[in-house]
Structures are given as C-alpha cells and as structure tokens.
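Here is what each chain is made of, one letter per residue.
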Amino acid sequence: MQEIEEGTKAFSTFRVLNGDANVMEREQLFRNMAQLFSFVSDRCDDEQVIQYDEVLCQLAELVEVEARAHVAKLLAPLDRAPGTVVVKLANDVIEVAKPLLEFSSVLSDDDLIDIVANQSEDHRVAVASRHAVAERVSDAITEHGDKVSISRLVRNTKAELGQYAIERLVALAAKDGDIADDLRNRPDIDWGSLRNEIDNAANKVLDEIGQASVDPVTAGKINSVVYNRMRNRAGFNSQEWKVAYNQVKALADRKQLDERALIRFARFGYGHHCAAALTVMLRVGPEVLVKWLAMQDYVAITVALRAAGLSPDLFEAVVATMPWRDLPTEADKVNVRARFEALSAEEAAGIFELWRAHAFRKRGAYGDVMGYA
C-alpha cells in the first residue's frame with residue numbers, strides 16, 4: 001500500500017499534468033489511474049482517495065470523450081469512488097455520464113437532483129432508470145423531465161412516487177394516454193387512499209381518466225386500494241448504511257460535508273446519512289455509531305453531538321431521524337434534549353476526548369464515565 005501511495009503522489013509531478021504530453025499519453029495515464037484505483041479502492045484510506053480524486057480530475061480536463069467514458073464505466077460499479085471526479089463525469093456528455101447515472105451508488109440524491117435540473121433529457125432518462133429512485137429525485141424528474149424520462153420513471157417500479165410527483169403525473173395523464181396507462185399499471189399506488197392526499201384538481205383528472213378508459217374491475221381496485229408507500233422508519237439497514245456511508249465519504253472528498261449537509265439530511269429524513277456523517281465529523285469508526293444505534297444509546301450520542309457543537313434544534317432533529325433499533329418515543333426526545341442542554345460543551349468535549357484516548361482499551365474511560373462494563 002505504501003508503494004501505491006508513493007506512486008499516486010508521484011503522478012502529481014508528471015509532465016502529463018502540466019500539459020507537456022501528447023493526447024495518447026494523457027489518455028493512457030487517465031485509464032491506468034482509474035484501473036489501478038478500481039483494483040485497490042476497498043483498501044485505500046481517505047487521503048489516498050483524495051489523491052486519486054485530484055489527479056483524475058486534472059486528467060479529465062485533458063482527455064477526449066472516449067477516455068472519459070472508459071473511466072466512467074470503471075468507476076460506476078465501485079462502492080467507494082473519488083467523489084469529485086464521479087460528479088464531474090456524471091455531469092459530462094451522456095456518453096460519459098450514463099453508466100454513473102444508472103449505477104453509481106456514490107452519487108447522492110442531491111447530486112442527481114442537480115443533474116436532473118441542469119442537464120439533458122438523456123441524463124434524466126438515465127437517472128429514471130436507476131435500480132432505486134428516491135422520492136425527491138422522482139419529484140425533480142416530474143418537474144424538469146419530458147415525456148421520455150417521465151415515462152421511464154413511471155415504469156420503474158423501484159422509483160418512489162410521492163404526493164408531489166403523483167399530482168404532476170396525474171395532470172400529465174389527463175393529456176397523455178400512455179402515461180395514464182403506465183400509472184394504472186403501478187402496483188404500489190392505491191388510488192382510494194391517495195384521493196384524500198392530492199388536491200381537488202388532480203382528483204377531477206383521476207375521475208376523467210377513470211371514466212374514459214378504466215374497466216370496471218380496474219376501477220374497483222383504484223377505488224379500494226391504499227397508496228402503498230408506508231415504510232418503517234425505525235431500524236438499521238445494512239445495505240442503506242453502506243450506500244449512505246460511501247455517499248457521505250464522497251461528499252467529504254469534495255469538502256462539502258459540513259453542518260449544512262447534516263441539516264439537509266435531517267430535514268429530508270435521511271437517517272442513515274445522518275449517522276454516517278457523524279462518523280466522519282466525529283472521527284470515529286462506523287462500527288461505533290452502529291453500536292450506539294443498536295444499543296439505543298442516547299447517552300453516547302448526546303455526549304458526542306454536544307462535543308461536536310451542534311445546536312439543540314439540530315441535535316433534536318438528528319436524534320429523531322437516525323435509524324435507531326426502535327423509534328424514539330416523544331418522552332425519549334424530551335429527555336434526550338433536556339440532557340443535551342444540561343451538559344456543557346466543555347464537559348462533553350472532555351468526556352468525549354477521554355473516551356477517544358482510551359478507545360482501544362478493554363474498558364475505556366468513556367465507558368467508565370457512562371457506566372458501561
């Protein structure tokens with residue numbers, strides 16, 4: 001690994017990066033760097049990933065589309081990939097961006113929303129084709145997309161359709177029979193319940209669509225089934241954690257992991273992202289946060305987040321959002337906030353650093369202070 005690190009640093013001095021090389025040399029270096037990273041990505045530390053990121057970003061400016069497309073294909077399936085170059089290539093021409101938009105788990109919902117809003121219809125089609133499309137991303141596609149991307153979204157049964165997207169889709173369905181058919185074929189939409197959530201104008205359109213083209217059996221189902229998108233917000237999911245952690249690390253690569261990012265995660269209910277962000281901000285191993293969540297350890301979280309300098313309101317929002325084993329009760333939330341406000345930042349910082357200093361001992365000082373065995 002030391003050889004890899006030294007080799008990566010050495011690239012920064014290559015004449016290729018200074019423009020003193022022909023196109024073939026630049027492209028070969030670009031491809032080789034990406035290929036090397038794909039082999040060692042699971043063993044690179046954060047500093048090494050940052051070094052790859054910097055060099056690949058520089059080289060991406062110096063090579064042609066074919067080389068960029070090749071590198072995008074190499075990076076697309078990686079769980080951990082350099083955040084800046086991934087976003088750069090995902091905003092490239094569609095020949096380059098497509099594999100990343102369709103498959104990269106490093107791209108966050110915010111990245112995808114920005115691309116949907118500012119790139120081409122082909123980019124939106126690729127995003128709508130992802131294995132899973134979050135509700136906020138679906139909202140963006142219905143807002144900015146044309147028929148091709150919207151149809152692809154509706155036909156993607158793994159795409160989450162919330163109230164905002166449904167209302168827009170229903171309005172479009174009134175003028176487009178294909179979209180109406182696609183909506184009727186969605187197994188997760190229970191129109192009877194949905195009628196209580198959407199506005200009157202959309203309900204009138206539903207009536208018109210039903211009167212015009214829905215057979216009696218389908219109409220009966222539409223009037224009786226419930227819009228099926230209720231999900232249990234409690235509980236830790238290892239796959240969601242893996243995706244969230246890698247997206248957070250990519251955000252840190254781009255120097256964009258800060259309090260504003262944490263606020264955004266809490267605001268939109270991204271619990272696994274909140275927890276993953278805390279592991280980076282607090283400089284603790286992911287297994288530490290996972291253990292706190294599994295043990296419903298409000299004391300540990302309170303001390304750590306007070307030491308990190310969070311405001312009481314943000315602390316409360318983060319606690320309510322994280323994927324605990326069980327959802328915090330209202331009494332839990334009140335007690336945790338009261339404990340947070342009663343603990344001074346200095347006290348919390350002292351306890352937290354004491355624990356950090358003894359973290360590798362069998363019984364750390366933090367554990368003694370908190371009463372752990």
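What comes next is a walk through the structure. Along each chain, residues carry numbers from 1 onward, in the same order as the chain's sequence is written. Local features in this predicted model are restricted to residues whose pLDDT is 70 or higher, and side-chain atom pairs enter the listing and the counts only when it is 80 or higher, whereas totals over whole chains, interfaces and linings include all residues. As a rule here, side-chain values come from all non-hydrogen atoms in the structure, and water together with hydrogens is ignored.

## Section: the overall build of the chain
In this description a helix means any DSSP run of H or I spanning at least four residues, a strand means any run of E spanning at least two, and both kinds are numbered starting from the N terminus. Tallying secondary structure elements over the chain gives 24 helices and zero strands in all. The criterion used for residue contact is that any of the two residues' heavy atoms lie within 4.5 Å. For the chain, restricting intrachain contacts to residue pairs at least 6 apart in sequence, the fraction spanning at least 24 positions comes to 70%.

## Here we look at the environment of leucine 305
Within the element layout of this structure, leucine 305 appears in helix α20 (residues 298–307). The contacts of leucine 305, once residues within four sequence positions are left out, are Leu278, Leu282, Leu310, Phe315, Val318 and Phe340.

## Topic: helix α11 (residues 163–173)
One turn of an α-helix holds 3.6 residues; hence residues three or four places apart share an orientation. Each residue is assigned to one of three classes by its accessible area relative to the maximum for its type, calculated with a 1.4 Å probe on protein chains only: buried under 20%, partly exposed between the two thresholds, exposed over 50%. Listing the buried residues of α11 in full gives Ala165, Ile166, Leu169, Val170 and Ala173. What you see down the axis of α11 is that its buried residues fit within an arc of 130°, all on one side. The directions considered for the arc are those from the helix axis to the C-beta atoms.

## Quick notes on the packing of aromatic side chains
Aromatic contacts are taken between Phe, Tyr and Trp rings whose centres are within 6.5 Å, Trp giving its six-membered ring; a plane angle under 30 degrees counts as stacked, one over 60 as edge-to-face, and the others as tilted. Scanning the entire structure with this criterion turns up eight aromatic pairs. Ring geometry for phenylalanine 268 and tyrosine 270: centres 6.4 Å apart, planes at 55°, overall tilted. Take phenylalanine 268: its relative accessible area is 32%, and that puts it in the partly exposed class. Between phenylalanine 352 and tryptophan 355, the aromatic rings sit 5.5 Å apart at their centres with planes inclined by 35°, giving tilted as the arrangement. Of this pair, phenylalanine 352 and tryptophan 355 both sit in helix α23 (residues 345–357), three residues apart, which is roughly one turn of the helix. Assigned by exposure class, phenylalanine 352 and tryptophan 355 land together as buried. Here the aromatic residues Phe236, Trp241 and Tyr245 are joined through ring pairs into a cluster of three or more. Charge-over-ring placement is defined geometrically: NZ (Lys) or CZ (Arg) within 6 Å of the ring centre, and within 35 degrees of the ring normal. Here the basic side chain of arginine 136 rests over the ring of phenylalanine 268, its NZ or CZ set 3.7 Å away from the ring centre. Between the NZ or CZ atom of arginine 306 and the centre of the ring of phenylalanine 340, over which it lies, the distance is 4.9 Å.

## Observations concerning the pattern of salt bridges
Within this document, salt bridges are pairs made up of a side-chain nitrogen of Lys or Arg and a carboxyl oxygen of Asp or Glu, the two lying within 4 Å of each other. Going through the model one piece at a time under the given rule, you end up with 22 salt bridges. Lysine 147 serves as the salt-bridge partner of aspartate 178, at 3.0 Å between the closest nitrogen and oxygen. A residue pair is termed long-range when its members are at least 10 positions apart, and aspartate 178 in helix α12 (residues 177–184) and lysine 147 in helix α10 (residues 147–155) qualify at 31 residues. Judged by its relative accessible area of 40%, aspartate 178 falls in the partly exposed class.

## Looking at the side chain of arginine 254
As for its position among the elements, arginine 254 is in the loop between α16 (238–253) and α17 (259–267). Distance and chemistry together define a polar contact, namely a pair of N or O atoms within 3.5 Å, with one atom able to donate a hydrogen and the other to accept it when in protein, and with adjacent residues in sequence counting only for side-chain atoms on both sides. For arginine 254, the side chain forms a polar contact with the side chain of aspartate 111, separated by 2.7 Å. Discounting residues that sit within four places of it in the chain, arginine 254 has contacts with Gly83, Thr84, Val87 and Asp111.

## A few points about the packing of α10 against α12
An axis is simply a line fitted to the C-alpha atoms; with a helix, the fit covers only the stretch in contact. Between two such axes, the angle follows the N-to-C directions and lies from 0 to 180 degrees. Following both chains from N to C, one finds α10 and α12 inclined at 15°, their axes separated by 9 Å at the closest point. Taken together, the axes of α10 and α12 lie roughly parallel to each other. Note that α10 runs across α12; the crossing there is left-handed. For the pair formed by α10 and α12, the contact residues are Lys147, Ile150, Ser151, Val154 and Arg155 on the first element and Asp178, Ile179, Asp182 and Leu183 on the second. Put simply, angles under 35 degrees are roughly parallel, angles over 145 are roughly antiparallel, angles from 65 to 115 are roughly perpendicular, and the rest are oblique. Working rule for handedness: look at the near helix, and if it is turned counterclockwise from the far one by less than a right angle, call the crossing left-handed; if clockwise, right-handed.

## Digging into the nonpolar core
Take the buried Ala, Val, Leu, Ile, Met, Phe, Trp, Tyr and Cys residues and link them wherever side-chain atoms come within 4.5 Å; each set so joined is a nonpolar core. Counting 61 residues, the largest nonpolar core has Leu75, Leu100 and Leu101 as its most contacted members. A total of seven residues in this core trace back to one element, the largest contributor, which is helix α3 (residues 46–60). With residues up to four places along the chain from it excluded, the contact list for leucine 100 reads Ala72, Leu75, Ala76, Val86, Leu89, Ala90, Leu107 and Arg130. Core analysis: the next-biggest nonpolar cluster, separate from the first, contains 41 residues, Tyr270, Ala277, Ala304 and Val336 among them.

## Considerations on helix α21 (residues 312–321)
For α21, every residue scored as buried is listed here: Leu314, Phe315, Val318, Val319 and Thr321. For α21, the angular spread of buried residues about the axis comes to 165°, placing them on one side. On its buried face, α21 is in contact with α17, α18 (271–282), α20 and α22 (330–342).

## Digging into the packing of helix α2 (residues 23–40) against helix α4 (residues 65–75)
The contact between α2 and α4 brings their axes to 9 Å, and the two run at 0°. Here α4 runs roughly parallel to α2, going by the angle between their axes. Residues Glu27, Phe30, Arg31, Ala34, Gln35, Phe37 and Ser38 of α2 touch α4, and the partners they reach there are Glu66, Ala67, Arg68, His70, Val71, Leu74 and Leu75. Grouping the constituent residues of the contact of α2 with α4 by class yields seven nonpolar, three polar and four charged. Basically, the charged four are Asp, Glu, Lys and Arg, the nonpolar ten are Ala, Val, Leu, Ile, Met, Phe, Trp, Tyr, Cys and Pro, and anything else, Gly included, counts as polar.

## Things to note about the side chain of glutamine 296
With respect to the secondary-structure elements, glutamine 296 resides in the loop between α19 (286–294) and α20. A distance of 3.3 Å separates a polar atom in the side chain of glutamine 296 from the backbone nitrogen of arginine 325. Setting aside chain neighbours within four positions, we find glutamine 296 in contact with Trp324, Arg325, Asp326 and Pro328.

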